[in-house]
Amino acid sequence: MITVANLNFGYNRTPFLRDVNFTVQKGEILGILGPSGAGKSTLQKILIGMLPRYGGSVTIDGREVNTCGNELYERIGVDFEFSTLYEKLTARQNLRFAGSLYRGPLRSTDELLDSVGLLPSAGQKVSEYSKGMKSRLNFIKALLHNPYLLFLDEPTSGLDPNNAQVIKTMIRKEQAQGKTILLTTHNMQDAAELCDRVA
């Protein structure tokens, strides 16, 4: 599903990602581990098309990422570590707006909200949400258009153990449906519980 070959990238002339090579098979969860500043988030940005000027080759489902265009985003779901929500909108309005950006069928907003315990507060503005509530809403936003490839950046960060377990259970369910998942994390327990392989 993902093939990275001889990837090099730098924000100036000196690359700090050098000769990166790995593959992710369909239906697999690959964990990308490393300390802060190691380049995990930069690698993820390259994989989702945000940084198209890289050296080497990065393909998703056989297509070079920097030639995919907007159709790539119909097929992938991205959960950034930091919130990408609109604070002045409610949770339901955030999901409705996000869903309007996709052409295909969407999953049930209420079912997704319920799956992470946010249905009772779906009408609240996101500005009133705790960090953990925002993290759970961000996560289900990545699932809304039913993508077959998920990029998850620290998906349990800031969550209490119960809610972290809810997210991990959902990740396993997504994998059981055939989804391919790339997970970047500092959390060795998450990596041990969820990942088929780590890099």
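Conventions adopted
- Residues numbered from 1 in each chain as written.
- Predicted model: local features only at pLDDT ≥ 70, side-chain atom pairs only at ≥ 80, totals over all residues.
- Heavy atoms only, no water.
- Buried < 20%, exposed > 50% of the residue type's maximum accessible area, 1.4 Å probe, protein only.
- Helix = DSSP H or I, 4+ residues; strand = E, 2+ residues; numbered from the N terminus.
- Arc of directions from axis to C-beta.
- Contact = heavy atoms within 4.5 Å.
- Pairing = 2+ DSSP bridges.
- Axes fitted to C-alpha atoms, helices over the stretch in contact; angles between N-to-C directions.

Tell me about helix H3 (residues 91–100), and name the residues and values.
Within H3, burial applies to Ala91, Asn94, Leu95, Ala98 and Gly99. Summarising the axial view, the buried residues of H3 lie within an arc of 130°, below the 170-degree limit, and thus occupy one face. Facing away from the buried surface of H3 by more than 90 degrees, the exposed residues are Arg96 and Ser100. As for H3, its buried residues are in contact with helix H4 (109–115) and helix H5 (131–143).

Please set out the sheet that holds strand E2 (residues 17–24) residue by residue, giving values where relevant.
Taken together, four strands build an open sheet; the order of strands is E2-E1-E4-E5 and the sheet is antiparallel. Both outer strands of the open sheet, E2 and strand E5 (63–64), are each paired with one neighbouring strand and no more. Examined bridge by bridge, strand E4 (residues 55–60) and E5 share two bridges and lie antiparallel to one another. If you follow Ile60 over to E5, its bridge partner there is Arg63. Lying over the sheet, helix H1 (residues 40–47) contacts strand E1 (2–9), E2 and E4, oriented at roughly 120° with respect to E1.

Mind laying out unusual backbone geometry, listing which residues take part and the relevant values?
With a phi close to 50°, Asp19 is a non-glycine residue in the positive phi region. With respect to the element layout, Asp19 can be found in strand E2. Given a relative accessible area of 53%, Asp19 falls into the exposed group. One non-glycine residue, Asn146, adopts positive backbone phi at about 55°. If you trace the backbone, Asn146 turns up in the loop between H5 and strand E7 (149–153).

Mind laying out the sheet that holds strand E6 (residues 76–79), listing which residues take part and the relevant values?
Taking strand neighbours across the sheet as the criterion, the five strands line up as E6-E7-E8-E3-E9 in an open arrangement whose pairing is parallel. A single partner strand is all that each edge strand has here, and the edge strands are E6 and strand E9 (197–198). Judged from the four bridges that link them, E6 and E7 form a sheet pairing that is parallel. Of the residues in E7, the one forming a bridge with Gly77 is Leu150. Seen against the sheet, H1 touches strand E3 (29–33), E7 and strand E8 (180–185) and runs at an angle of roughly 155° to E7. Against the sheet, H5 makes contact with E6 and E7, and its axis sits at roughly 170° relative to E6, the strand it touches most.

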